[in-house]
Amino acid sequence: MNSQPRLLTILDVITVILLLLATYMVFFYAPQEAVMGDVQRVFYFHVAAGWVGMLGFIGAAVSGIIYLIKKDRKWDIVGLAAVEIGIVFIFINIVTGSIWARPIWNTWWTWDPRLTTATVMLLIYLAYLMLRQGIEDPDRRARFGAVYAIIGSLSVPLTYFSARIFRTIHPVVIGSGDPSATGSFDMTPLMTQTFMFSLFTFTFIFIDLFWHRIRLGQKTDQVEQLRLKTME
Amino acid sequence: MTIEQQSALPSESASGKAAGFLRAMGAVVWKDLSAELRSRELISAMLVFALLVILIFNFALDLDPATRREPTITAGVLWVIFVFAGTLGLNRSMAVEKDRGCMDGLLLAPVDRSAIYFGKVLGNLVFMLMVEIIVLPIYSLLYNVNLFNPGLLVVIILGSIGYVAVGTLLAAMAVQARTRDILLPILLFPVVLPVILAAVKASTGFLDGSEMSLIRPWLNLLIAYDIIFSAVAFMVFDYVVEE
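Residues numbered from 1 in each chain as written. Chains lettered and ligands numbered in written order. Predicted model: local features only at pLDDT ≥ 70, side-chain atom pairs only at ≥ 80, totals over all residues.

J.: What exactly am I supposed to notice about the overall build of chain A here?
T.: In terms of regular secondary structure, chain A is built from 6 helices and 0 strands. Moving toward the C terminus, one meets the helices and strands of chain A in the order α-α-α-α-α-α. Here the C-alpha coordinates of chain A stretch approximately 70 × 40 × 25 Å along the principal axes. Here chain A holds 232 residues, and the buried ones make up 34% of them. Considering only residue pairs separated by 6 or more positions, chain A has 75% of its internal contacts joining residues 24 or more positions apart. (Helix = DSSP H or I, 4+ residues; strand = E, 2+ residues; numbered from the N terminus. Buried ≥ 20, exposed ≤ 12 C-beta atoms within 10 Å, placed from the backbone. Contact = placed C-beta atoms within 7 Å.)

Pasting the structure below:
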């Protein structure tokens, strides 16, 4: 069994430092938002967590497609890793969003397109894991996982569009936003810097966790094969 | 010439191939229908279940006669009935293939796998539409609303196509899992949500007598979903049934 590569250890250290810096920036560097106050600071990690959740989802779908073409177990491990990281971060995204929505929208939850889409994404991820749990044969598990990841990734944008036809109240801070959205605001340069830095940091967190999870998946695979060998 | 012989011929024209495909598909549909005509277990189960859901909704919502006729209530309750009864049917239709090794027999036949998929989809669609056709007048009667609306029928057909296209694929996966009895709704509902959303909205629109411009986006969404998911399911079905 090989030990942890040096580059990964370096990446771990960088990620921790970046996360500490980003936390510092969110609380002390970025100015307080004039209308919403300190609760707006949730925004930086909220969007960044959503970004990582999306990365995980796209990663799962892409590795699903590659798996079906190449039939290489490696891509199944990658897909599972992407899903597991995606679940955690989409959940963080939903929870932080609710914390922000309580004072701003005066409710923990509303069926806005983005909220609906995030929920459906979480549910599809969970269904993916339950599907895998129910199947013993590793090849079939990998094939079904890949198929479900592809189907799920196609369904999510459609959910978003269908929910979008209703009017939305979710603020769109990046890009052309609807100014009537409740809780919308303009970012000052310091806010933009903090925001970009959060995105950057979370991307590092994603890569770092992804790498670790893939390594874990490979080791699990090795253990499984060793066990099969001893049973023979 | 039987289907097997025909599709095994190496030199055949494109039209012959298409005819073979259709014939294989028809054979699968016919098998499902004739088995169902004899046993009647699937349709009757779906139907009784649908009636029970109507009953439960009546008490769960404790509707007074005025709200009972609200288009939003009608559309919502109808689609909940169809979705739940549909899950029952889909699970059963794939479970019978798995149980006695019928699926292996089907797969051994030298026909295109996608013909089997579309055959199963068509069979399930027929079952679902039959249940819907029976449920609609009963619902009309019990809830005292007029459901004889051509627009509503179009929505029901479009929605059922999308639902069955994804449902058949996912049911084929679910029955191969250890947890097969509980897995299908968990897999299917989050994925099929756009269909349900659009179908409920379009149904409400038609029952409400809204303008076509308000309903069209939902119909377009349903059609887009039907096309995208039939195509994708067609492409990946091979991977679901291969051993």
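There's more to say after this.
J.: Even after reading the chapter, I still don't get the overall build of chain B, so can you show me in this structure?
T.: If you tally the helices and strands in chain B, you get 10 helices and 0 strands. Listing every helix and strand of chain B by position from the N terminus yields α-α-α-α-α-α-α-α-α-α. Its C-alpha radius of gyration of 19 Å places chain B within 12% of the 18 Å reference for a compact globule of 243 residues. When the backbone C-alpha atoms are referred to their principal axes, chain B occupies close to 65 × 40 × 30 Å. Residue burial in chain B is summarised as follows: out of 243 residues, 44% are buried. Here the analysis covers contacts within chain B between residues at least 6 apart in sequence; of these, 81% occur between residues at least 24 apart. (Rg over C-alpha atoms; globule rule 2.2 N^0.38 Å.)

J.: Explain the packing of helix H3 (residues 41–60) of chain B against helix H5 (residues 71–99) of chain B here, please?
T.: Two quantities define a packed helix pair, namely the angle between the axes and the distance from one axis to the other. Residue and element names in this part refer to chain B. Relative to each other, H3 and H5 sit at 150°, their axes nearing to 9 Å. It follows from the interaxial angle that H3 and H5 lie roughly antiparallel. Of the two elements, H3 crosses H5, and the hand of that crossing is right-handed. Between H3 and H5, the residues in contact are Leu42, Ala45, Met46, Phe49, Ala50, Val53, Ile54 and Phe57 and Val77, Val80, Ile81, Phe84, Ala85, Leu88, Gly89, Arg92 and Ser93, respectively. Here the residues of the contact of H3 with H5 sort into 14 nonpolar, 2 polar and 1 charged. (Axes fitted to C-alpha atoms, helices over the stretch in contact; angles between N-to-C directions. Parallel < 35°, antiparallel > 145°, perpendicular 65-115°, else oblique. Left-handed = near helix turned anticlockwise from the far one by under 90°. Nonpolar A, V, L, I, M, F, W, Y, C, P; charged D, E, K, R; others polar.)

J.: How do you make sense of the interface of chain B and chain A when you look at a structure like this?
T.: Each partner contributes residues to the interface: chain B has 23 residues there, and chain A has 25 residues. In terms of residues, the side of chain B that touches chain A owes the most to one element, helix H9 (residues 180–208) of chain B, which gives 9 residues.

J.: What is the right way to read helix H7 (residues 113–143) of chain B from this model?
T.: Along an α-helix, residues three or four apart share an orientation, since each turn contains 3.6 residues. Taking 1.5 Å of rise per residue, the 31 residues of H7(B) would be expected to cover 45 Å, and the 44 Å separating its terminal C-alpha atoms lies within 8% of that figure. One or two residues past the end of H7(B) sits B:Asn144, with phi positive at roughly 55°. (Expected span 1.5 Å × (residues − 1).)

J.: I'm lost on helix H10 (residues 212–241) of chain B in this one. Help?
T.: Counted at 1.5 Å a residue, the expected span for H10(B) with its 30 residues is 44 Å, and the 42 Å between its end C-alpha atoms agrees. Along H10(B), the helix axis deviates most sharply at B:Met235, where the bend reaches about 40°. Where H10(B) is concerned, the buried positions are B:Ile215, B:Trp218, B:Leu219, B:Leu221, B:Leu222, B:Tyr225, B:Asp226, B:Phe229, B:Ala233, B:Val236, B:Phe237 and B:Val240. Those residues of H10(B) that are buried lie in contact with helix H5 (138–164) of chain A together with H7, helix H8 (150–174) and H9 of chain B. (Bend = angle between axes of the 7 residues up to and from the residue.)

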